[in-house]
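# Observations on chain architecture
The primary structure of each chain is shown beneath.
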Amino acid sequence: MSVHRDPAQEPERPRTAFVLAGGGSRGAVQVGMLTELAARGIRADRVYGASVGAVNGAAYAGDPTPEGMEHVQEVWCSLSGDRVFPRSLANGPWTFFQQRPAVHANTGLRNLLGEGLSFERLEQAAVPIEVVATSLRDGRERWFTEGPAVEAILASAAIPAIFPPVRIGNELFVDGGVVDNVPISRAIDAGATRLYVLLCGPLHYRPRPARRPVEAVLTGFFVAIQARFARELASLPAGVEVTVFSGGGDPGADYRDFSTTSELIAAGRAEVAAVLDGHDGAAAHDGHRGHSRLVE
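Residues numbered from 1 in each chain as written. Predicted model: local features only at pLDDT ≥ 70, side-chain atom pairs only at ≥ 80, totals over all residues. Heavy atoms only, no water.

Take the overall build of the protein next. Looking only at helices and strands, the protein features 10 helices and 9 strands. Buried residues in the protein amount to 48% of all 296 residues. Contacts in the protein between residues at least 24 apart in sequence constitute 79% of all its contacts with a sequence separation of at least 6. Of the roughly 14,300 Å² that the protein leaves accessible, carbon and sulfur atoms contribute 52%. (Helix = DSSP H or I, 4+ residues; strand = E, 2+ residues; numbered from the N terminus. Buried < 20%, exposed > 50% of the residue type's maximum accessible area, 1.4 Å probe, protein only. Contact = heavy atoms within 4.5 Å. Areas by Shrake-Rupley, 256 points an atom, 1.4 Å probe, with all protein chains shown as cover.)

Once that is clear, we can look at the pattern of salt bridges. Tallied over the full model, the rule gives 16 salt bridges. Glu130 serves as the salt-bridge partner of Arg46, at 3.3 Å between the closest nitrogen and oxygen. Of this pair, Arg46 sits in strand β2 (residues 46–50) while Glu130 sits in strand β3 (residues 129–135), and the two are 84 residues apart along the sequence. Owing to a relative accessible area of 25%, Arg46 belongs among the partly exposed residues under this scheme. A relative accessible area of 7% means that Glu130 is categorised as buried. Here Arg110 ties to Glu151 by a salt bridge, and the two come within 2.5 Å at their closest N and O atoms. Of this pair, Arg110 sits in helix α5 (residues 107–116) while Glu151 is found in helix α6 (residues 149–156), placing the two residues 41 residues apart along the sequence. According to the relative accessible area criterion, Arg110 is partly exposed, its value standing at 31%. Connected via shared salt-bridge partners are Glu36, Arg40, Arg269 and Asp277. (Salt bridge = Lys/Arg side-chain N within 4 Å of Asp/Glu carboxyl O.)

Written as structure tokens, this is what we have:
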């Protein structure tokens, strides 16, 4: 005997969001995570990205298939420091003190985005995507949901002092991670009830003593951007399930280092497999491993 159900009485399917954090060259770990999620048939209804998370989120949103993620892996494995962060004629530590907006031009990243994205405008992506940048007019976060994709992603990934600010309209923007590096509240406010959070570092950031001034600066930056995520994760609204995939090791001081890309991609796949298979929704984490949590 068949049973006919009234569609209006069916429970609403959880709105699934992928939230991709910033993390520089360690963003390769997110590529592995996305690859494993795509292989398992887990697809986002909407993508939210900050900094390198905006770059990877856009790549996924353009082609959220296993084949699409294989292409993204190939692109990441071809990257080098000089390709992403082109050097000027004058190199060395003194470049941080010269009178110019940033150490590197963003031409390398612009070219990569222009060649790699399968859509020109954000609203043309196969999966809706939103990326965040920080306004230099008022210091607030600004979300881009439509318009030229390359410009919005460049703004979201404009690491202060490393890349120059990006002008969109009458405003200048820098890295979205400055104000919202793991934008889970944006996804929840939009109605998402199932979140997959893709980090580039450990779930709980425990900084090591800095050995050089640049390491101290980066440590302070990562401590600051982690604080908001920790607060939001501790105060989730009822009925929201959040699965966090940790990116493993701490961010390094050498932001131009892409030597471990293949290893990071493999680690990202392994992390997703371990969380989804090993914990299967149980609330468990060890400070580095991710976890899944449902708030009743």
